Amino acid sequence: MTAPFLAGVVAGYGVAIPVGAIAVLIAGLSARTSLRVGAAAGLGAATADGIYALAAVLGGAALAGLVAPIAVPLRWAAAAVLLGLAAHTAWSALRPRRSGGPARTDETTPLRAYLGILSLTLLNPATVVYFAALVLGRGGSGGGVMFVLGAFVASASWQLLIAGGGSLAGRMLTGERARLVTALVSSAVIAVLAIQLL
């Protein structure tokens, strides 16, 4: 293990561990669908972290400077997307109960989960600023590819842990009422986190 790789691991865990809307989405997807879908979503978040780590290594201060003027619109866009996801989650959970028919399963595929969470995570300008600050704090060298690899591996391992926890919770909460409650709680938490972005 090289020092840049370990620095990337620490940086990756530093950005991934705080539980926010993305973690709630990943856990909720795993609980409602499958571990495969949740894991794909988690890898989408880790890919975004890796992209931002790479951007920070390649561009550092210049990239952070470019993102700063559009940070507020990006936060608004992220909040709007999160509120849309919260509404969709709640609507999907309530729809079978209103129609009186059998509960419909979530039709999210692993690819859709990956791309959706990747896109949403890329809307977080704080991540690129975080990695740029770390790279600049190391004298601008950043550690190159090993730093990026360490950040991706750390983020991926944490996101997969969250997906596994969501899947386990989903298995324990298999009844229709329990799934409705967890979907509505997930939706409410995502909405609160979205509002906090504003």
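All values reported here derive from a predicted model rather than from experimental measurement. (Residues numbered from 1 in each chain as written. Predicted model: local features only at pLDDT ≥ 70, side-chain atom pairs only at ≥ 80, totals over all residues. Heavy atoms only, no water.)

**Here we look at the overall build of the chain**
Here comes step 1: Tallying secondary structure elements over the chain gives nine helices and zero strands in all.
Here comes step 2: Within the span of the chain, comprising 198 residues, buried residues form 40% of the whole.
Here comes step 3: For the chain, restricting intrachain contacts to residue pairs at least 6 apart in sequence, the fraction spanning at least 24 positions comes to 88%.
Here comes step 4: As displayed, the chain has an accessible area near 9,900 Å², and 72% of this comes from carbon and sulfur atoms. (Helix = DSSP H or I, 4+ residues; strand = E, 2+ residues; numbered from the N terminus. Buried < 20%, exposed > 50% of the residue type's maximum accessible area, 1.4 Å probe, protein only. Contact = heavy atoms within 4.5 Å. Areas by Shrake-Rupley, 256 points an atom, 1.4 Å probe, with all protein chains shown as cover.)

**Here we look at the nonpolar core**
Here comes step 1: The biggest cluster of nonpolar side chains holds 14 residues, and the ones touching the most others in it are Ile22, Ile26, Ala41 and Ile117.
Here comes step 2: When residues of this core are traced back to their parent elements, those giving at least two are helix H2 (21-32), helix H3 (35-59), helix H6 (110-122) and helix H8 (144-172).
Here comes step 3: With five residues, H2 is the single largest residue contributor to this core.
Here comes step 4: Contact partners of alanine 41, with chain neighbours within four places excluded, come to Ile26, Leu29, Ala113, Tyr114 and Ile117.
Here comes step 5: Counting 12 residues, the second largest nonpolar core, distinct from the first, contains Ala7, Ala56, Val148 and Ala151. (Core = buried A, V, L, I, M, F, W, Y, C linked by side-chain atoms within 4.5 Å.)

**Concerning the confidence of the model for the chain**
Close inspection of predicted coordinates is inappropriate in any region flagged by low pLDDT.
Here comes step 1: Predicted confidence across the chain gives a mean pLDDT of 78, with 74% of residues reaching 70 or more.
Here comes step 2: Highest mean pLDDT in the chain belongs to H6 (92); lowest belongs to helix H4 (residues 61-67) (63).
Here comes step 3: Ignoring residues within four places in sequence, the model shows residues 97-105, a span with pLDDT below 50, making eight contacts including any to other chains. (pLDDT = per-residue confidence, 0-100.)

**A look at the packing of H2 against H6**
Here comes step 1: Relative to each other, H2 and H6 sit at 170°, their axes nearing to 11 Å. Of the possible angle classes, the one that applies to H2 and H6 is roughly antiparallel. Packed against H2, whose contacting residues are Ile22, Leu25 and Leu29, the element H6 presents Ala113, Ile117, Leu120 and Thr121 at the interface.
Here comes step 2: Residue composition of the contact of H2 with H6, grouped by class: six nonpolar, one polar and no charged. (Axes fitted to C-alpha atoms, helices over the stretch in contact; angles between N-to-C directions. Parallel < 35°, antiparallel > 145°, perpendicular 65-115°, else oblique. Nonpolar A, V, L, I, M, F, W, Y, C, P; charged D, E, K, R; others polar.)

**Concerning the packing of H2 against H3**
Relative orientation and spacing of two packed helices are given, respectively, by the angle between their axes and the distance between those axes.
Here comes step 1: Contact pair H2 / H3: the axes reach a minimum separation of 7 Å and the direction vectors enclose 160°. Taken together, the axes of H2 and H3 are roughly antiparallel relative to one another. Crossing handedness for the pair H2 and H3: right-handed. Of H3, the residues touching H2 (which contributes Ile22, Ile26, Leu29 and Ser30) are Val37, Gly38, Ala39, Ala41, Gly42 and Ala45.
Here comes step 2: Residues belonging to the contact of H2 with H3 are distributed by class as follows: seven nonpolar, three polar and no charged. (Left-handed = near helix turned anticlockwise from the far one by under 90°.)

**Overview of the UniProt feature "transmembrane region" (unreviewed entry) in the chain**
Here comes step 1: According to UniProt, the "transmembrane region" (unreviewed entry) feature falls on residues 6-29, 50-70, 76-94, 114-133, 145-168 and 180-197.
Here comes step 2: The span residues 145-168 shows a helical share of 100% and a strand share of 0%, and its end C-alpha atoms are spaced 34 Å apart. (UniProt positions renumbered as here; feature names shortened; annotations may be inferred.)

**Brief notes about H6**
Here comes step 1: Between the first and last C-alpha of H6 there are 18 Å, a value that for 13 residues agrees with the 18 Å anticipated at 1.5 Å per step.
Here comes step 2: Of the residues making up H6, those classed as buried are Ala113, Ile117, Leu118, Leu120 and Thr121. (Expected span 1.5 Å × (residues − 1).)

**Details of H2**
Here comes step 1: When the terminal C-alpha atoms of H2 are compared, their 16 Å separation across 12 residues agrees well with the 16 Å that a helix rising 1.5 Å per residue should span.
Here comes step 2: Most of H2 is tucked away, with 10 of its 12 residues classed as buried.
Here comes step 3: Residues of H2 that are buried: Ala21, Ile22, Ala23, Val24, Leu25, Ile26, Gly28, Leu29, Ser30 and Ala31.

**Focus on the environment of alanine 3**
Here comes step 1: Mapped onto the elements of the fold, alanine 3 is located in helix H1 (residues 3-16).
Here comes step 2: Its relative accessible area of 54% is what places alanine 3 among the exposed residues.
Here comes step 3: Residues alanine 3 and glycine 150, spaced 147 residues apart in sequence, show a C-alpha to C-alpha distance of 9.9 Å.

**Comments concerning a nonpolar patch on the surface**
Here comes step 1: A contiguous nonpolar patch, built from Val145, Met146, Leu149 and Val153 and spanning about 320 Å² of accessible area, is present on the exposed surface.
Here comes step 2: As for its position among the elements, methionine 146 is in helix H8. (Patch = residues over 30% accessible without salt bridge, like charges linked within 9 Å, V, L, I, M, F, W, Y side chains within 5 Å. Salt bridge = Lys/Arg side-chain N within 4 Å of Asp/Glu carboxyl O.)

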